[in-house]
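Residue-level listing of the chains:
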Amino acid sequence: MTASLEHDDLANLFLSLGALQPPAELHGYAAGFVSVGGRISADAWLKHCIDLLDCETPDPEQSEALYAVYSAALDGMESGEMSLDLLLPDDEFDLDQRIASLGQWCQGYLTGFAMAGKQKSVDKQNAYSADLTEAISDIAAIAQVSPDEHTDEDGEQDYFAVCEYVRVAAMTIFVECNGGVQQEGEANPPRLH
C-alpha cells in the first residue's frame, strides 16, 4: 500500500463526509472497475464516489484523497509486477473486523466490475475464460464471508491466504480483460491455481 493511501485516514475522511460505505469497499470498487477495462477522469470518479458513498460533494482536498483510491488501484494493476495491495485495516484491528473488511472489498470489487463491464458490453460481447469466471465466483463467495468463523492462529493464516488469493485473482482478471497488459519479457499472465 502506498504511504499516501492508508485505511485509517480514509476511514476518518469517510466519517467526515457522512459516507455509508467503508474504505475497503471503495478500493474494491476501483479495482473491479479498472480490472474490466474501466478508465475514468477525476471528475467522473468523484461522481461515482458520491453515488457509492451516498455523501455530499467533497472539498478539493477530500476529492484528491478519493481519487487516490482509484489511482492506487489502477497503478497497482498496471505496474505489471503484481503490486496491487488491498486497502484493508492493518493487523492492529481484530481479525473479525479485517475479515469483514475483506468481504466488503470483494463486494465493492464485484460492483465495480459489473459497472465497468456493463459499459464495455455495449461495445462488444466478450466471453470470459474459465479462469476468470472461477475467480469472479470465488470473489463472490468471499464477499459473503462471516467474520466470526475463526479467531485463532489458523484464522490469521487463513485470512492472509485468502487476501493473497483475492489479490492474485484481481490481477489475473485485469490481465485477461485488458488484453494482457504486460511488461516486456513477461511471457504469460499469472494463473490461478
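Residues numbered from 1 in each chain as written. Predicted model: local features only at pLDDT ≥ 70, side-chain atom pairs only at ≥ 80, totals over all residues. Heavy atoms only, no water.

### Here's the deal with the overall build of the protein
- Of the regular secondary structure elements, the protein holds seven helices and zero strands.
- In sequence order, the secondary structure elements of the protein are arranged as α-α-α-α-α-α-α.
- Burial statistics for the protein: of 193 residues in total, 45% are counted as buried.
- Residue pairs in contact within the protein that sit at least 24 positions apart in sequence constitute 76% of those at least 6 positions apart. (Helix = DSSP H or I, 4+ residues; strand = E, 2+ residues; numbered from the N terminus. Buried < 20%, exposed > 50% of the residue type's maximum accessible area, 1.4 Å probe, protein only. Contact = heavy atoms within 4.5 Å.)

### A few points about the confidence of the model for the protein
- Across the protein, the average pLDDT comes to 84, with 83% of residues at or above 70.
- Ranking the elements of the protein by mean pLDDT puts helix 5 (residues 95–123) last, at 85, and helix 2 (residues 23–35) first, at 95.
- When the criterion is pLDDT under 50, residues 181–193 qualifies, and its contacts beyond four places in sequence or with other chains add up to 20 contacts. (pLDDT = per-residue confidence, 0-100.)

### Concerning the packing of helix 6 (residues 130–143) against helix 7 (residues 153–177)
- For the pair helix 6 and helix 7, the least separation of the axes is 10 Å and the interaxial angle reads 140°. Between helix 6 and helix 7 lies a crossing of left-handed hand. On helix 7, the residues that touch Leu132, Ala135, Ile136, Asp138, Ile139 and Ile142 of helix 6 are Val162, Tyr165, Val166, Ala169, Ile173, Glu176 and Cys177.
- Grouping the constituent residues of the contact of helix 6 with helix 7 by class yields 11 nonpolar, no polar and two charged. (Axes fitted to C-alpha atoms, helices over the stretch in contact; angles between N-to-C directions. Left-handed = near helix turned anticlockwise from the far one by under 90°. Nonpolar A, V, L, I, M, F, W, Y, C, P; charged D, E, K, R; others polar.)

### A closer look at unusual backbone geometry
- Backbone geometry at Asp54 places phi at a positive 55°, although glycine is not the residue there.
- Locating Asp54 in the fold gives a position in the loop between helix 3 (42–53) and helix 4 (60–78).

### Thoughts on the environment of Ser35
- Mapped onto the secondary structure, Ser35 falls in helix 2.
- The exposure class of Ser35 is buried, given its relative accessible area of 0%.
- Excluding anything up to four places from it in sequence, Ser35 contacts Met77, Tyr109, Phe113, Ala170, Ile173, Phe174, Cys177 and Asn178.
- Of note is the side chain of Ser35, whose polar atom sits 3.0 Å from the side chain of Tyr109. (Polar contact = N/O pair within 3.5 Å; in protein donor to acceptor, adjacent residues only side chain to side chain.)

### Remarks on helix 1 (residues 7–17)
- Of all the positions in helix 1, only His7, Leu10, Leu13, Phe14 and Leu17 are classed as buried. Seen along its axis, helix 1 keeps its buried residues to an arc of 120°; they face one direction. Turned more than 90 degrees from where helix 1 packs its buried face, Asn12, Leu15 and Ser16 sit exposed.
- Against helix 2, helix 3 and helix 4 lie the buried residues of helix 1.
- Backbone geometry just downstream of helix 1 places Gly18 in the positive-phi region, at approximately 75°. (Arc of directions from axis to C-beta.)

### Quick word on helix 2
- Relative to the 18 Å expected for 13 residues at 1.5 Å per residue, helix 2 spans 18 Å between its end C-alpha atoms, a close match to the ideal helical length.
- Phi turns positive one or two residues past the end of helix 2, at Gly37, with a value near 105°. (Expected span 1.5 Å × (residues − 1).)

### Some remarks on a negative patch on the surface
- Residues Glu6, Asp8, Asp9, Asp90 and Glu92 make up a contiguous surface patch of negative charge.
- Within the fold, Glu92 resides in the loop between helix 4 and helix 5.
- The exposed category is assigned to Glu92, whose relative accessible area is 71%. (Patch = residues over 30% accessible without salt bridge, like charges linked within 9 Å, V, L, I, M, F, W, Y side chains within 5 Å. Areas by Shrake-Rupley, 256 points an atom, 1.4 Å probe, with all protein chains shown as cover. Salt bridge = Lys/Arg side-chain N within 4 Å of Asp/Glu carboxyl O. Lys, Arg positive; Asp, Glu negative; His and termini not counted. Charge placed at Lys NZ, Arg CZ, Asp CG, Glu CD.)

### Topic: the packing of aromatic side chains
- Scanning the model with the defined rule gives seven aromatic pairs in all.
- Taken together, a centroid distance of 6.3 Å and an interplanar angle of 20° make the contact between Tyr109 and Phe113 stacked. On the criterion of helical spacing, the pair formed by Tyr109 and Phe113 is a turn pair, its members being four residues apart in helix 5. Phe113 matches Tyr109 in its accessibility class, with the two residues each being buried. (Phe/Tyr/Trp six-rings, centres within 6.5 Å; stacked < 30°, edge-to-face > 60°.)

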